[in-house]
Amino acid sequence: MSKAATSPLILFSGLAADANIFVHQKTEFPELIVPEWPIPTSDESLEEYAARLAGQLRSRNPCVIGGASFGGIVAQHVAHHLQPLAVVLIGSVRAPSELPVCARMARPMRFLVPIIPVRLLQCLIRPLTTRFARNLTPHLSGLAKQFCTCHPQVFKWSLLRILDWRSVPTFACPVFHVHGDRDYVLPSKRTQPDRLIHGGGHVISLTHPAEVNESIRDVLNQLSDASVTHAVDES
């Protein structure tokens, strides 16, 4: 059996969200691991945080790692320490230059992040997570559900790290990127995904699970085929 076929699949959820963001992927890939977000220290850098995550996951290596939105950014920095078989980005970006203009323009206002009333905002937007809202506006409802499950401290730290993000991590493995063509949070026109999902918003793991699962399966199959070919060439 190839290394890719037996290696863990590890996905990081979006901006401080929980494992429910990948509920449909867990059905398709029962061995999927979605790590919980450790509570960061207030001054912990993205690289320090990624190194801490990598230390917790080192026993799972070699693995395939990835993530949705901010989770994809974190996955790339973790990859710098773990050197996994591949990185899978789901509605994420590869570099700070691919962030929307509004995110970069908001950097001077980062001092306001610590006073964001996260708990109050979660209460106010909770109606958007109802079944009626999901049927009416699945993209917005998916974002609301993600926000309502986040830990305020992790959310604020993550938002600050997005605003601070300047450097592109280095690692040797390939990157596979799937994105929605109607993603207004991280617009697809600013990045270059390998696969663009028609009608997909920002939370495609929830709204377009079949397409996302197919993309992940394709990645695992490609890695498995490459591993088998390498083994044959060495023998």
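Structure: see above.
What you see is a predicted model, and the numbers here were worked out from it, not measured in a lab. (Residues numbered from 1 in each chain as written. Predicted model: local features only at pLDDT ≥ 70, side-chain atom pairs only at ≥ 80, totals over all residues. Heavy atoms only, no water.)

## A few points about the side chain of R107
Its place among the elements puts R107 in the loop between α5 (101-105) and α6 (118-125). Although R107 is buried, it makes no salt bridge; D164 carries the closest opposite charge, 6.7 Å away. Only 3.2 Å separates the side chain of R107 from the backbone oxygen of W165, close enough to count as a polar contact. What R107 contacts, discounting residues up to four positions off in sequence, is P96, L99, L163, W165 and R166. (Helix = DSSP H or I, 4+ residues; strand = E, 2+ residues; numbered from the N terminus. Buried < 20%, exposed > 50% of the residue type's maximum accessible area, 1.4 Å probe, protein only. Lys, Arg positive; Asp, Glu negative; His and termini not counted. Salt bridge = Lys/Arg side-chain N within 4 Å of Asp/Glu carboxyl O. Polar contact = N/O pair within 3.5 Å; in protein donor to acceptor, adjacent residues only side chain to side chain. Contact = heavy atoms within 4.5 Å.)

## Examining the layout of surface pockets
Within this model, the largest pocket holds a volume of roughly 650 Å³. As for the largest pocket, its lining consists of 25 residues, and the residues nearest its centre are L15, L143, F155, L159 and V185. Elements that contribute at least two residues to the lining of the largest pocket include exactly α4 (70-82), α5, α6, α8 (138-148) and α9 (152-164). No other element matches the 5 residues that α8 contributes to the lining of the largest pocket. Partitioned by chemical class, the residues of the lining of the largest pocket number 22 nonpolar, 3 polar and no charged. (1 Å grid on protein atoms, 1.4 Å probe; cavity = no way out; pocket = protein on both sides within 12 Å on 5 of 7 lines; lining within 4 Å. Points joined across faces, edges and corners; volume = space filled by probe spheres on them. Nonpolar A, V, L, I, M, F, W, Y, C, P; charged D, E, K, R; others polar.)

Any functional reading would require information beyond the geometric quantities listed.
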